[in-house]
Amino acid sequence: MSALRTFVRPNTTNLKRDHLIDPIWIGRPLAMHGKFLGEEDEVEEALNTEPTLGA
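Below or above, wherever it landed, is the structure these notes cover.

Calculation notes
- Residues numbered from 1 in each chain as written.
- Predicted model: local features only at pLDDT ≥ 70, side-chain atom pairs only at ≥ 80, totals over all residues.
- Heavy atoms only, no water.
- Patch = residues over 30% accessible without salt bridge, like charges linked within 9 Å, V, L, I, M, F, W, Y side chains within 5 Å.
- Areas by Shrake-Rupley, 256 points an atom, 1.4 Å probe, with all protein chains shown as cover.
- Salt bridge = Lys/Arg side-chain N within 4 Å of Asp/Glu carboxyl O.
- Helix = DSSP H or I, 4+ residues; strand = E, 2+ residues; numbered from the N terminus.
- Buried < 20%, exposed > 50% of the residue type's maximum accessible area, 1.4 Å probe, protein only.
- Polar contact = N/O pair within 3.5 Å; in protein donor to acceptor, adjacent residues only side chain to side chain.
- Contact = heavy atoms within 4.5 Å.

Let us look at a nonpolar patch on the surface. A cluster of nonpolar residues, V8, I24 and I26, forms a patch on the protein surface that exposes about 240 Å² of accessible area. Take I24: it is sitting in strand β2 (residues 24-26). For I24, a relative accessible area of 39% puts it in the partly exposed group.

Right under this line is the structure:
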């Protein structure tokens, strides 16, 4: 039986940050390789990446 792993990431234009710095893992995280994602200086800064609960 395998453990369920879920990867949730922000949806910004900064894919490298979304995948490597700001993701949320449910279950044990897997290794992420960012060499195919754009360089951080090529995309805009990620904004509002903190999860919040709506009222």
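Attention now moves to the side chain of D18. Turning to its location among the elements, D18 is positioned in helix α1 (residues 15-20). Side chain to side chain, D18 and T12 meet in a polar contact 2.7 Å long.

Position of T6 among the secondary structure elements: in strand β1 (residues 6-8). Residues T6 and P29, 23 residues apart in the sequence, show an inter-C-alpha distance of 8.2 Å. Apart from the residues within four sequence positions on either side, T6 is in contact with I24, W25 and I26.

In this section: the pattern of salt bridges. Evaluation of the coordinates by the stated rule reveals two salt bridges. Between D18 and R9 there is a salt bridge; the shortest N-O distance is 3.2 Å. For D18, a relative accessible area of 0% corresponds to the buried category. Between R17 and D22 there is a salt bridge whose closest N-O contact spans 2.6 Å. Look at D22 and you get buried, because its relative accessible area is 13%.

Checked against the element boundaries, H19 lands in helix α1. Setting aside residues no more than four positions away along its own chain, H19 makes contact with F7, R9, M32 and L37.

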